[in-house]
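Per-entry structural report
Chain residues, written in single-letter form:
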Amino acid sequence: MRIEQDLKLGFKDVLFRPKRSTLKSRSQVELTRDFTFKHSGRQWSGVPIIAANMDSVGSFDMAKALAKHNVMTAIHKHYTVEDWAGFIKENPADVLKHAMVSTGTSDADFQKTKDIMALTDDLMFICIDIANGYSEHLVEYVEKVRNAFPDKVISAGNVVTGDMVEELILAGADIVKVGIGPGSVCTTRVKTGVGYPQLSAIIECADAAHGLGGQIIGDGGCTCAGDVSKAFGGGADFVMLGGMLAGHEESNGEIVEKDGHQFMKFYGMSSQSAMDKHSGGVANYRAAEGKTVLLPYRGPVEYTIQDIMGGVRSTCTYVGAAKLKELTKRTTFIRVREQENNVYG
Ligand code: 5GP
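Residues numbered from 1 in each chain as written. Predicted model: local features only at pLDDT ≥ 70, side-chain atom pairs only at ≥ 80, totals over all residues. Heavy atoms only, no water.

Considering the overall build of the protein chain
Assigned secondary structure in the protein chain consists of twelve helices and 14 strands. Relative to the compact-globule value of 20 Å for 345 residues, the protein chain shows a C-alpha radius of gyration of 19 Å, a close match. Judged by the C-alpha coordinates and their principal axes, the protein chain covers about 55 × 55 × 55 Å. Counting only residues that meet the buried cut, the protein chain has 52% of its 345 residues in that class. Considering only contacts in the protein chain between residues 6 or more positions apart, those separated by 24 or more positions represent 69%. Carbon together with sulfur atoms contributes 48% to the accessible area of the protein chain, which is approximately 16100 Å² in total. (Helix = DSSP H or I, 4+ residues; strand = E, 2+ residues; numbered from the N terminus. Rg over C-alpha atoms; globule rule 2.2 N^0.38 Å. Buried < 20%, exposed > 50% of the residue type's maximum accessible area, 1.4 Å probe, protein only. Contact = heavy atoms within 4.5 Å. Areas by Shrake-Rupley, 256 points an atom, 1.4 Å probe, with all protein chains shown as cover.)

Looking at the packing of helix 5 (residues 136-148) against helix 6 (residues 162-171)
Between helix 5 and helix 6, the shortest axis-to-axis distance is 8 Å and the interhelical angle comes to 30°. Here helix 5 is positioned roughly parallel relative to helix 6, judged by the angle of their axes. Along this stretch, helix 5 crosses helix 6, giving a crossing that reads as right-handed. Of helix 6, the residues touching helix 5 (which contributes E136, L138, V139, V142, E143 and R146) are M164, E167, L168 and A171. Within the contact of helix 5 with helix 6, the residues separate by chemical class into six nonpolar, no polar and four charged. (Axes fitted to C-alpha atoms, helices over the stretch in contact; angles between N-to-C directions. Parallel < 35°, antiparallel > 145°, perpendicular 65-115°, else oblique. Left-handed = near helix turned anticlockwise from the far one by under 90°. Nonpolar A, V, L, I, M, F, W, Y, C, P; charged D, E, K, R; others polar.)

So, the UniProt feature "active site" (unreviewed entry) in the protein chain
Taken from the UniProt record, the annotation "active site" (unreviewed entry) applies to C186. Following the sequence through the fold, C186 ends up in the loop between strand 8 (175-178) and helix 7 (188-192). Not counting residues up to four positions away in its chain, the partners in contact with C186 are G181, E289 and G290. (UniProt positions renumbered as here; feature names shortened; annotations may be inferred.)

Description of the sheet that holds strand 13 (residues 292-296)
Within a sheet, neighbouring strands are paired by backbone hydrogen bonds and run either parallel or antiparallel to one another. Strand order in this open sheet of three strands is 11-12-13, and the pairing throughout is antiparallel. Here the strands that pair on one side only, and so sit at the sheet edges, are strand 11 (255-258) and strand 13. Taking each pair of neighbouring strands and ignoring which way they run, the sheet shows an average axis angle of 40°. Bridge analysis of strand 12 (residues 261-267) against strand 13 gives five bridges, and the strand direction is antiparallel. By the bridge assignment for strand 13, M264 is matched with L295. (Pairing = 2+ DSSP bridges.)

Quick look at the confidence of the model for the protein chain
Across the protein chain, the average pLDDT comes to 96, with 100% of residues at 70 or higher. At the level of chain-chain contacts, confidence expressed as ipTM amounts to 0.98, with global pTM at 0.98. (pLDDT = per-residue confidence, 0-100.)

In structure tokens, the structure reads:
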């Protein structure tokens, strides 16, 4: 048994130190980033925020709404090939370039991904997603998908340490998804005792990925716009959001009326709710590692995404970054014991 003594940090442990700036207004801040991906060589330009591939977040409706802001959606994997065909027919290439096709790692998943990608050349992202990215099986699957789709942008995860980021990039991933346990409806840390504070995971994994010319997605744990900025400041190229985009009209969750108020169901993809819906219940060898919550219904996602983007722009002005790309270079984190004044609740 070994104990690592290095301090590992979450978003709540730091704040940005303000820096002198020549920027007059947050409207001068450019959030769009241009990437050329390592293996596929594909270029993409947009705001690198991604709606999570959860079935009450990453819907087709979410993709349509967020594409207006050049924001990406990882479409959850429970749509059929026919559903995809309908979505592709109804939406222009500009929406499709902001959509990721999510997949697990079974043979059936592989066939379905092939069928979806065959529908159009406009889809360029494949998001290979398993809860425990440390499985050797994921590395083999990434190699298989890379061979089948040499010109598609492949994201793979989830992992939280540099060694595994390197292995996945060397196997053919352009982007590695980072985060084990920080999610708002995740119970992995409680059920298994496994996890890694998300800001440190991002800092360490970004360093490993960038050294090889790859990118990372900081996935999970953002509770407010400031956390999104901290993820970018720590080196995340993309930031994936579940809970912050759940509960909206476009999230497509089930609406529940309670005491005259409207709520929307939101649940983890490994929760009892998800397994009941998609896998006929929780298999007897496993435990649910996600929870189900009721969120106050929040209406269209438009205002929320603008608020998040406004917050990140404002962070950039406080530290003097004219572009989101410069935010990491301009970031000095200070460790803190308190985040906010809660005197009024
Ligand atoms: P959030 O932005 O809500 O904090 O985190 C979203 C992320 O939580 C997702 O992108 C995914 O990585 C993770 N997640 C979603 N459902 C579950 C679950 O049931 N269990 C676990 N461990 N993680 C989940």
